[in-house]
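# Summary of structural features
Okay, here's what each chain looks like letter by letter:
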Amino acid sequence: MPVTDDLALLIDAAREAGRLATPFWKSNPEVWDKGNGAGPVTEADLAVDRYLRDRFAAERPTYGWLSEETTDTDARLTKERVVIVDPIDGTRSFIQGDTNWAHSLAIVEHGEPIAAVVYLPLRDRLFAATKGGGATLNGEPVHVGQCDTLDGARVLMKKGIMAAEHWQGIPPLLDHKFRPSLAYRLALVAQGRYDAMLTLRPTWEWDVAAGVLIMEEAGGVVTDRTGAHPLFNQPHPAIDGLVAGSAALSNAILKRLTQRSS
């Protein structure tokens, strides 16, 4: 299957997901706590998950499936291509009536994303990429910025990362902001609106698979917190944090982070 056909399907599916989810927004959707610190899920998350799962099962029956809202099985590990989705990335934002939530959809082949979409329906922002084909926002090319110094860099991350324990020496003077959706954070850095994004917590594949490809195709570098390149469709689908930005800035962040003791 040509990767351009997969991207076209991702784009159409993401837009339809937006049409499905939007009526639930600010309409007091039913909410459940998933327990074990996994956070909330709404009826909108589940409706979008069902739609996407059914559509890809029908149109890409040989592909595997990994989604935040579907019980995982090891069947995907035998598939050459796997669809990895977060039906709504930023569910808390969705519940609060904010507009910074997204649909995050990617197709991974042999551990590497090859097609990706991050779509914010209420902002009508559709980021897309194919491996080797560049990254776009609403059809226009996007590129990462070229900031190469930590002090003053605009970084999307949680405020707690500025704690001294996470840095070697005095923490850098970062201009840090926050967005609830990890997929959107990666897309904003790919667009050049921010210089980097950083998260130190274990990160689920569905949160970042699409954003990682968009970042890389926009000229950025993405690693886990140890500097290793992230691989997807792993038996335990989580990554050890994420650092993303220009090559120089990503390297500067990695050099200053405190690494865990082995």
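Please read all numbers here as calculations on a predicted model, not as lab measurements.

Before going further, it helps to examine the sheet that holds strand 12 (residues 196–204). Spatially, 11-10-12-14-13 is the arrangement adopted by the 5 strands of the open sheet, whose pairing is mixed. The sheet terminates laterally at strand 11 (175–177) and strand 13 (221–223), the two strands that pair on one side only. If you compare each strand with its neighbour and ignore which way they point, the axes differ by 20° on average. Judged from the 3 bridges that link them, strand 10 (residues 154–156) and strand 11 form a sheet pairing that is parallel. Each residue of the ladder has a partner; that of Leu156, found in strand 11, is Lys177. The strands touched by helix 4 (residues 182–191) are strand 10, strand 12 and strand 14 (238–245); relative to strand 12, the strand with the most contacts, the crossing angle is about 155°. Sitting on the sheet, helix 6 (residues 247–256) is in contact with strand 12, strand 13 and strand 14, with an inclination near 125° to strand 14.

Quick look at the packing of helix 4 against helix 5 (residues 205–217) now. Packing of helix 4 against helix 5 brings their axes to within 8 Å, and their N-to-C directions diverge by 5°. Considered as vectors, helix 4 and helix 5 are oriented roughly parallel to each other. Seen from helix 4, the contacting residues are Leu182, Ala183, Leu186, Val189 and Ala190; seen from helix 5, they are Asp207, Val208, Gly211, Val212, Ile214 and Met215.

About the cut-offs
- Residues numbered from 1 in each chain as written.
- Predicted model: local features only at pLDDT ≥ 70, side-chain atom pairs only at ≥ 80, totals over all residues.
- Heavy atoms only, no water.
- Pairing = 2+ DSSP bridges.
- Helix = DSSP H or I, 4+ residues; strand = E, 2+ residues; numbered from the N terminus.
- Axes fitted to C-alpha atoms, helices over the stretch in contact; angles between N-to-C directions.
- Contact = heavy atoms within 4.5 Å.
- Parallel < 35°, antiparallel > 145°, perpendicular 65-115°, else oblique.

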